[in-house]
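Overview (structure and organization)
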Amino acid sequence: MLQLNHFSPNRKQSESKSEAKSFAERVIYWTIVLTPLWWLLGIQTIVYPVVSVFLLVAGLKLDKLIKQSLPICNWAWLAMIFAALWTNILGLESIGFPALKTAATFFTLFKGYLMIFACMTLPFWHRIQVKTIVRAVSWMTAGLLVTLAIQLIILFVMGPQESILPPLARLIPGEKESMMVKFATIRSFFGVPLPRAVLYTADPPILGVCGLLCFFMCLGESNQKLRKFAIAGSLISLIISQSRLAWVCFPLVWLIIYCFRSGLARQAYLWIVSLISLFAVVLSLSIQDLIASPLATFNSGRPESSKDREYVINATIDAWRDSPWLGWGIMDKTVSWGNGVFVLPLGTFSSYAKVLYIHGILGFIFFITALVSTMCSFWEPAIKGNPISQRAFGCLVALYLLLHATNLTWMAIYFWFFFIWLGAILSEQQQQDLNVNQWEELIGNW
């Protein structure tokens, strides 16, 4: 029998080198772990996009662009950046490029689509391992338990507290809502007063999105004790966010993973249509009634919130119809209701309505292309049984549903690590395919 023991020293050296983190990997690791610090300082909206874009520029080399190809989804996000930039410039030109509005518009692009592209591209230009991202996110979500416990103690002992604007946040121009340190409050949920928190985010639904994504990311943590705390922190974040749509999406991700592992994924759409039709026949309901009944229950959780969202989204779509192809370029109009008591900018909620309103049909096509191509990048390895690709695919489906309720460019900074995780998965998959091809060529030549 052929023995390869004489290669063991080199193998050990290569394994030790694989454990050593690259500079970019260390920066990303500690940026994620120190999330509470950035939150307390009020600079989280600045730190994450700056770190990701800085590392992208630092790793930009001509030979990497030539030798190492990027997935189609990365190029799709880059195309979305240029489409958004073009429509933004057209919108700013129509109002004379006011300084504050111009800066705010370009910063939104910077911390939105540009950051997403940077995060997904970093693992191809730097050595960033999936397990490193998972470990950092696990420590961060485990720490949520401590932060939440402190907030609940403050809530029940001292009562509701006003939000705090950190000193550093005061020096940053623009809106301050996403930089506030907010405390837990009591909110009515299906008629029951329950605690609700935002923790390191700007809005409770965003916490629900983060809790869902972190849960499935932390399932890959190798340290069992840390994984238990991380999963607990993710679940509690999901629950206390009171995000109804996130709660619905959570079992949906499990269902998608099960379909992949049971071999039903290829026929999933047939099973879904068949089951819906079966329930409709058994209950003597039309398909419309079958959808309307749970939707009414869903909206009854917080009826005022559901009505407000629907009103703003409808107003956004109405405004889009006045400039359908290129949109308005900027968020410059507002909608009010309740005799002017409530006023919000158009495009405040649904990402899909906002993209249509700001970037028109042209930008919407690029946006949908980026979303679909990213999801399709994980389809083949998921079908082949890759568990982490299965979880990534399920998370993307859930995220795309959640985009109907919250703006991607507003909340992306709070789960920026998710896009690095996606890029790291694709990078490792690409490397594995390359190694397999090289090995097959070597065997063939031999």
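Residues numbered from 1 in each chain as written. Predicted model: local features only at pLDDT ≥ 70, side-chain atom pairs only at ≥ 80, totals over all residues. Heavy atoms only, no water.

1. Notes on the packing of helix H10 (residues 204–218) against helix H11 (residues 224–240)
Where H10 contacts H11, the two axes come as close as 8 Å, and the packing angle between them is 155°. With respect to H11, the axis of H10 lies roughly antiparallel. As for the relative orientation of H10 and H11, their crossing is left-handed in sense. For the pair H10 and H11, the contacting residues are Leu207, Gly208, Gly211, Leu212, Cys214, Phe215 and Cys218 in the first and Arg227, Ala230, Ile231, Ser234, Leu235, Ser237, Leu238 and Ile240 in the second. Grouping the constituent residues of the contact of H10 with H11 by class yields ten nonpolar, four polar and one charged. (Axes fitted to C-alpha atoms, helices over the stretch in contact; angles between N-to-C directions. Helix = DSSP H or I, 4+ residues; strand = E, 2+ residues; numbered from the N terminus. Parallel < 35°, antiparallel > 145°, perpendicular 65-115°, else oblique. Left-handed = near helix turned anticlockwise from the far one by under 90°. Contact = heavy atoms within 4.5 Å. Nonpolar A, V, L, I, M, F, W, Y, C, P; charged D, E, K, R; others polar.)

2. Some points on empty space enclosed by the protein
In this structure the tally under the stated criterion is two cavities of 30 Å³ or more. Space inside the largest cavity adds up to approximately 160 Å³. Forming the boundary of the largest cavity are 17 residues, of which Met140, Tyr200, Thr201, Cys210 and Tyr414 lie nearest the centre. Every element with two or more residues in the lining of the largest cavity is listed here: helix H8 (130–158), H10, H11 and helix H20 (416–445). Tallying contributions element by element places H10 first for the lining of the largest cavity, with four residues. Looking at side-chain class alone, the lining of the largest cavity contains eleven nonpolar, six polar and no charged residues. Each pocket or cavity is described by its volume, and for the second largest cavity that value is around 40 Å³. Around the second largest cavity, the lining residues are Trp77, Leu371, Thr374, Leu396, Leu399, Tyr400, Leu403, Leu408 and Phe419. When residues of the lining of the second largest cavity are traced back to their parent elements, those giving at least two are helix H16 (351–376) and helix H18 (387–402). Take the lining of the second largest cavity: its biggest share by element is three residues, from H18. (1 Å grid on protein atoms, 1.4 Å probe; cavity = no way out; pocket = protein on both sides within 12 Å on 5 of 7 lines; lining within 4 Å. Points joined across faces, edges and corners; volume = space filled by probe spheres on them.)

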